[in-house]
Amino acid sequence: MKKVALATAAVLAAVFVFLLATLPPRPAAIPLDSVDPDLRSRTVRGAYHVHTVRSDGAGSKAEVAAAAARAGLTFAIFTDHGDGTQSPDPPTYSSGVLCLDGVEISTNGGHYVTIDASPSPYPLGGEPSLVVEDVRRLGGFGIAAHPDHPGSELAWRDWDAPFDGIEWLNADAEWRDERPARVARALFDYFVRPAPALASVFDRPIATLERWDTLEKRRSVVALAAVDAHGGARARIEGTPAFGIGPSYEASFRSLSNRVIVERPLTGNAAQDARLLIDAVKAGRVYSVVDAISPDAVLALSDERGFELASALPGGAQVFTFTRGNRRRLELHAAAAPGAPPVPWVVSNWAGPRHAEPPAEPPAPVTGEVVPLPVGSAWRIEKDPLSSGRISAAGDVGALEFKLRADARASQFVAAVSDLKGIPGVRRILFRGRGTRPMRVSVQLRFSPDGARWTKAVYLEPAEQEIAVDVASMVPAESGNRTMPDLSTAQSILFIVDLVNARPGDSGGFTVSALRAVR
Ligand SMILES: [Zn+2]
Ligand SMILES: [Zn+2]
């Protein structure tokens with residue numbers, strides 16, 4: 001018996017020694033004395049995409065800021081889940097770390113992170129391209145979140161939408177495609193060498209980097225590395241109600257960071273420093289470093305030469321330059337980088353003469369015959385039992401006043417409905433619309449015989465506007481990939497307010513007039 005115990009202990013000891021001998025390497029230290037002090041004073045290091053107890057994170061903002069300070073960071077961009085209606089906290093310094101508030105919004109096409117946006121007058125959600133449009137209207141900068149996330153609900157999927165930024169790497173998505181044995185090994189390593197263990201499951205996100213490079217042919221998109229940190233034990237995991245245990249904030253912050261090159265050194269005035277930082281991020285004056293490989297990389301940035309290496313290159317590391325026309329970006333690859341294929345150690349943004357802002361797309365000219373939409377009935381109301389609505393119609397003007405039932409979410413909706421006798425050949429629906437305040441109203445077609453609905457949300461504001469809804473741009477109101485039924489079976493048109501872009505208890509009104517169809 002004693003012999004067996006001894007043998008077991010010996011095997012365990014051998015395994016333990018083997019595991020310790022094969023830990024991921026410590027971050028390499030590279031001397032930075034030769035780096036221009038002005039450049040160093042204008043290069044600020046921080047974490048982007050951080051959750052707190054305000055959504056599904058484990059720590060308060062103050063606790064997270066303290067962890068960021070321990071990891072040597074200067075700023076942290078908080079991105080708790082939300083619908084964009086709440087006022088962000090003003091920028092503050094906590095533990096010497098500049099704390100900025102953003103929001104992570106759930107759309108039908110994945111998560112979208114916004115920074116620097118004014119609070120929205122209505123909840124943001126629904127079609128991803130419309131959320132991108134709303135964030136732009138609110139003055140915000142929007143980032144397509146974790147395109148590589150294997151959770152298809154969460155990963156950004158709309159590559160045609162004019163988003164401003166992209167997460168080229170997301171630490172919370174990277175481990176999910178690894179084999180269980182690899183994750184188990186990383187778990188052991190985590191207790192000995194936390195940040196290198198987290199980075200040990202990173203790979204080169206091939207598809208996302210290729211998408212980013214392809215977008216660069218048409219327009220500039222800023223790439224950031226996301227820690228997507230939730231910290232320690234937390235009540236639920238993003239997208240599920242399950243309890244989760246994640247890496248500590250500090251370990252996440254030591255695994256990767258973004259380096260922003262600001263115009264002048266930060267002064268300690270939170271509002272002014274936040275402005276400097278956000279302006280630099282928007283301009284793409286930012287690069288990411290996998291600090292777990294080595295935090296000691298510094299890039300310089302000039303108009304003429306773009307990003308350049310300004311620190312020493314460790315043995316075996318290589319510099320790669322990618323070019324698109326006269327724009328360039330850099331990658332530094334380290335000899336001992338984890339992953340298959342290996343994750344780049346440093347990724348710069350694209351630099352050089354910026355693309356001219358693509359001209360605002362003029363609405364496609366209306367060709368074809370414009371006729372009144374052949375509605376077969378007067379306006380009426382449809383709604384859930386406890387919400388209320390009142391309709392008044394005069395001539396071709398229909399006005400709806402609504403109040404969605406307050407308290408819990410229970411598919412509240414109020415709609416103004418008119419019957420159709422089919423609209424064969426109609427390519428576009430035109431109308432004049434205004435809301436009592438900024439709001440989104442869904443224009444829907446309902447088809448017989450099964451009542452399937454196709455929808456497109458439009459933005460209304462107090463000033464009346466001409467609105468065009470291309471029938472081809474409408475999407476199914478219920479999830480699922482289907483083709484639109486024959487337009488000759490279109491049975492009703494609905495103008496509907498529901499919980500996609502309104503909250504329980506919301507009230508207001510909108511007016512629709514001059515309904516026309518383009519054939
Ligand atoms: Zn997310
Ligand atoms: Zn997140």
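Only a predicted model underlies this, so the values are computations on that prediction, with no experimental measurement involved.

Bringing a nonpolar patch on the surface into the picture now. A cluster of nonpolar residues, Phe 16, Leu 20, Leu 187, Phe 191 and Val 192, forms a patch on the protein surface that exposes about 510 Å² of accessible area. In this structure, Phe 191 sits in helix 6 (residues 180-192). Accessibility expressed as a relative area gives 66% for Phe 191, which makes it exposed.

Moving on, we come to the layout of surface pockets. Counted as a void, the second largest pocket has a volume near 1,200 Å³. Around the second largest pocket sit 38 residues that line it, and Asn 108, Glu 127, Pro 476, Ala 477 and Ser 479 are the ones nearest its centre. Counting only elements with at least two residues in the lining of the second largest pocket, the list comes to strand 4 (97-107), strand 24 (439-447), strand 25 (453-460), strand 27 (475-476) and strand 28 (490-498). For the lining of the second largest pocket, the leading source of residues is strand 25, giving five residues. Tallied by class, residues from the lining of the second largest pocket come to twelve nonpolar, 15 polar and eleven charged.

Note that strand 15 (residues 318-324) and strand 16 (residues 327-333) share seven bridges and pair antiparallel. The partner of Thr 323 across the bridge, within strand 16, is Arg 328. Linking strand 15 to strand 16, which pair antiparallel, is a turn of two residues; within it Gly 325 sits at a positive phi near 60°.

On to the pattern of salt bridges, then. For the structure on display, the rule yields 37 salt bridges. In this structure, the salt-bridge partner of Asp 134 is Arg 137, at a minimum N-O distance of 2.7 Å. Here Arg 137 and Asp 134 lie together in helix 4 (residues 128-137), a separation of three residues that amounts to about one turn. For Asp 134, a relative accessible area of 1% gives the class buried. Taking the relative accessible area as the measure of exposure, Arg 137 reaches 37% and is therefore partly exposed. Three or more residues are tied together by salt bridges with common partners; here these are Arg 54, Lys 61, Asp 80, Asp 89 and Asp 101.

Conventions we followed
Residues numbered from 1 in each chain as written. Chains lettered and ligands numbered in written order. Predicted model: local features only at pLDDT ≥ 70, side-chain atom pairs only at ≥ 80, totals over all residues. Heavy atoms only, no water. Patch = residues over 30% accessible without salt bridge, like charges linked within 9 Å, V, L, I, M, F, W, Y side chains within 5 Å. Areas by Shrake-Rupley, 256 points an atom, 1.4 Å probe, with all protein chains shown as cover. Salt bridge = Lys/Arg side-chain N within 4 Å of Asp/Glu carboxyl O. Helix = DSSP H or I, 4+ residues; strand = E, 2+ residues; numbered from the N terminus. Buried < 20%, exposed > 50% of the residue type's maximum accessible area, 1.4 Å probe, protein only. 1 Å grid on protein atoms, 1.4 Å probe; cavity = no way out; pocket = protein on both sides within 12 Å on 5 of 7 lines; lining within 4 Å. Points joined across faces, edges and corners; volume = space filled by probe spheres on them. Nonpolar A, V, L, I, M, F, W, Y, C, P; charged D, E, K, R; others polar. Pairing = 2+ DSSP bridges.

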